[in-house]
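# Summary of the model geometry
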Amino acid sequence: MDTVKTRTGELEGFVTENGVRAFLGIPYAQQPVGALRWKAPQPLHDSDELIECKKFGHTAVQIWDEVELASQTPQGEDCLKLNVWVKDPEKKKQPVMVYIHGGAYFSGGPNDPLYNGANFAARKDVVLVSIGYRLNIFGSLYLKALPGGDEYPDAGHLAIMDQAAALTWIKENIAAFGGDPDNVTLFGESAGSASIALLSVAPAASGLFQKAICESGPIQLYKTPKFGELYAKDFAKMLGCTTAQELAEKSTEDLLHAVEDMCERRRFEVSLMYSPVCDGAYLPAKPMKAWKDGAASDITFMMGSTGDEFKYFSFYFTPEETPDFWHGQFNIHFDGQEDPKKWEKVYEEAYPERDLIENYIDFMNNTGFFVGCDLMAEEQSKFGDVFVYRFDYKSKIEGMGACHAIEIPFVLENLDTPDGLSFTGENPPQELADKMNDTWYAFAKTGNPSTAELGDWPLYTAQEHVTMYIDDKTWEPHLDINEKNLKIFTPMYECLLSD
């Protein structure tokens, strides 16, 4: 099969070195350029046009970053493209897996070799998809806060709307690649994981996927209108603009320069500054409360964290800067309603034998990842099956440990990529990658990650907090690994759950 006929065009792909058919740079919506900047994604028209899909589309506009390889590829506002890999498109009803990349809604993109789906598709009967979406101010600038902003009512949550538009295209067209539109699993890491959680409670995305794997990104990675307004007004002021229309007339280059300046001024807030705004218009104003109330009750979940999440941020911050970074994240996480120093004191009292600064990584892991994941799992277990993991394989690079994002090259079978090696160090264990890949695929296919080699993976329930510990030597289910910290830190989430 040289081409695939879809509603929006006849797509011409190519065969990769490992025998997978790849279709790259497929438009899934009208490109958000010109008058469509800061507008909701618009569907494509029906077409019989032959479209060559042999190279990735543009990466979403972002700052060049030596750690983020996608930022070093060609960029453009015309970034609403997706990519498909499938070993045999003639096979029907194959499970569909859609990867949503991370990057704090600020950077990243499917062009990064770390996210290439060819190796995954070569091992499994699966249709593997990755998607691009608008980032930073192009994907989440809350223009409602400015005069004339009513013309751009969706500007604060366009990243999520783009993802939903991609899922709509997949629902309509993936059968042409051999995929089952009624067996779609989303998986993604960090902001990709948080995106999946938000899509799970977004009414507009209902029915577009059935299963989800959330890797290292709890649902609270968003901002409220209060912070959306703060950043929008600050950004406009930097460019000498007072209205939304004046901003819309700025060039891509001018806007990107301002993003860079804003990041330098607010460097401790960058990891959440560009997250979606939840104001009740497209996304619930209280996503975690919607989750608790069953908004995602029809979706089966697998979710987890790495053992040393925050060690990743040593790429960007010195140990002395870590408390300032955490304070910046915490204030956005909890809408300024909680005092971070209060919780530092609670932690010190709970662990008097520890020095807070020396153990800040553990403190941030719990407040930023572990507790949020456990609370999500506990609430979701009231409605359906939930499986929880902790990835604890330690990097061979000194000081990295089981850092944020280290599991990605194992899941996607991309151990030899530059990004993958920057996390794992040299000669990572291939056996672990194969086992991870098998498990993620089993969940996508059946809704259960158990495999013949692994055996039974017990459910996480409100009564039994079973977490599968994963490393290169053993996979073992553990009970209540986070019980003490759940009791300590759960009260800080009350502001996210209240009416």
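Bear in mind that the values here come from a model prediction, so they are computed numbers and not experimental data.

## Describing unusual backbone geometry
- One non-glycine residue, S216, adopts positive backbone phi at about 60°.
- With respect to the helices, strands and loops of the structure, S216 is situated in the loop between β10 (211-215) and α5 (225-238).
- With a phi close to 55°, N427 is a non-glycine residue in the positive phi region.
- With respect to the element layout, N427 can be found in the loop between α14 (418-424) and α15 (430-446).
- Residue N427 is classed as exposed on the basis of its relative accessible area, which comes to 61%.

## Topic: empty space enclosed by the protein
- According to the stated counting rule, one finds five cavities of 30 Å³ or more in the structure shown.
- Within this model, the largest cavity holds a volume of roughly 80 Å³.
- Together, 15 residues line the largest cavity, and H58, C79, P110, N111 and G132 are the ones closest to its centre.
- Broken down by class, the residue content of the lining of the largest cavity amounts to five nonpolar, nine polar and one charged.

## Comments concerning the side chain of E413
- Along the chain, E413 turns up in the loop between α13 (408-411) and α14.
- Within the structure, E413 has its side chain in polar contact with the side chain of Q430 (distance 2.7 Å).
- A distance of 3.4 Å separates a polar side-chain atom of E413 from the backbone nitrogen of D434.
- Setting aside its immediate chain neighbours within four residues, E413 contacts N119, R123, Q430, A433, D434 and N437.

## Focus: the sheet that holds strand β8 (residues 127-131)
- Within the open sheet, the eleven strands sit side by side as β3-β4-β6-β8-β7-β9-β10-β11-β12-β13-β14. Their pairing is mixed. Edge positions in the sheet fall to β3 (14-15) and β14 (475-479), since each of these pairs with one other strand and no more.
- As paired strands, β3 and strand β4 (residues 21-27) are joined by two bridges and run antiparallel to one another. Paired with F14 across the two strands is A22, which belongs to β4.
- Where helix α4 (residues 191-201) meets the sheet, it contacts β7 (94-100), β9 (179-189), β10 and β11 (300-306), and its direction lies at approximately 130° from that of β9.
- With respect to the sheet, helix α12 (residues 360-380) is in contact with β11 and β12 (386-391), its orientation differing from that of β11 by roughly 165°.

## Side note on the layout of surface pockets
- One number sums up the size of the largest pocket: a volume of about 1,000 Å³.
- Lining of the largest pocket is provided by 47 residues; of these, F106, V270, S271, F313 and Y316 occupy positions nearest its centre.
- Looking at the lining of the largest pocket, the elements that each hand over two or more residues are α7 (252-265), α8 (270-273), α10 (322-333), α12 and α14.
- Tallied by class, the residues present in the lining of the largest pocket amount to 28 nonpolar, eleven polar and eight charged.
- Of the volumes computed, that of the second largest pocket is approximately 270 Å³.
- Along its surface, the second largest pocket is lined by 16 residues, and S314, T318, P319, T322 and I361 are the ones closest to its centre.
- Where the lining of the second largest pocket is concerned, the elements lending two or more residues are α10 and α12.

## Side note on α5
- Spanning 14 residues, α5 covers 20 Å between terminal C-alpha atoms, matching the ideal 20 Å at 1.5 Å per step.
- Considered for burial, the residues of α5 that qualify are F227, G228, Y231, A232, D234, F235 and A236.
- At its buried positions, α5 is contacted by α2 (136-140), α6 (244-248), α7, α8 and α10.
- A positive phi of about 70° marks G240, the residue just after α5.

## Quick word on the sheet that holds strand β1 (residues 3-6)
- Read from one edge to the other, the open sheet built from three strands follows the order β1-β2-β5, with strand pairing classed as mixed. Both edges of this open sheet fall to β1 and β5 (50-52), since each of them pairs with a single strand only. The sheet shows a mean angle of 25° between the axes of neighbouring strands, direction not considered.
- Sheet analysis places β1 next to strand β2 (residues 9-12), joined by four bridges and oriented antiparallel. Of the residues in β2, the one forming a bridge with T3 is E12.

## Digging into the packing of α10 against helix α11 (residues 340-350)
- The geometry of α10 relative to α11 is characterised by a closest axis approach of 10 Å and an angle of 115° between their N-to-C directions. Our classification of the angle between α10 and α11 gives roughly perpendicular. Counting all contacts with α10, which are made through W326, H327, F330 and N331, the residues of α11 involved are P340, K341, W343 and E344.
- Its residues assigned to classes, the contact of α10 with α11 comprises four nonpolar, two polar and two charged.

About the thresholds
- Residues numbered from 1 in each chain as written.
- Predicted model: local features only at pLDDT ≥ 70, side-chain atom pairs only at ≥ 80, totals over all residues.
- Heavy atoms only, no water.
- Helix = DSSP H or I, 4+ residues; strand = E, 2+ residues; numbered from the N terminus.
- Buried < 20%, exposed > 50% of the residue type's maximum accessible area, 1.4 Å probe, protein only.
- 1 Å grid on protein atoms, 1.4 Å probe; cavity = no way out; pocket = protein on both sides within 12 Å on 5 of 7 lines; lining within 4 Å.
- Points joined across faces, edges and corners; volume = space filled by probe spheres on them.
- Nonpolar A, V, L, I, M, F, W, Y, C, P; charged D, E, K, R; others polar.
- Polar contact = N/O pair within 3.5 Å; in protein donor to acceptor, adjacent residues only side chain to side chain.
- Contact = heavy atoms within 4.5 Å.
- Pairing = 2+ DSSP bridges.
- Axes fitted to C-alpha atoms, helices over the stretch in contact; angles between N-to-C directions.
- Expected span 1.5 Å × (residues − 1).
- Parallel < 35°, antiparallel > 145°, perpendicular 65-115°, else oblique.

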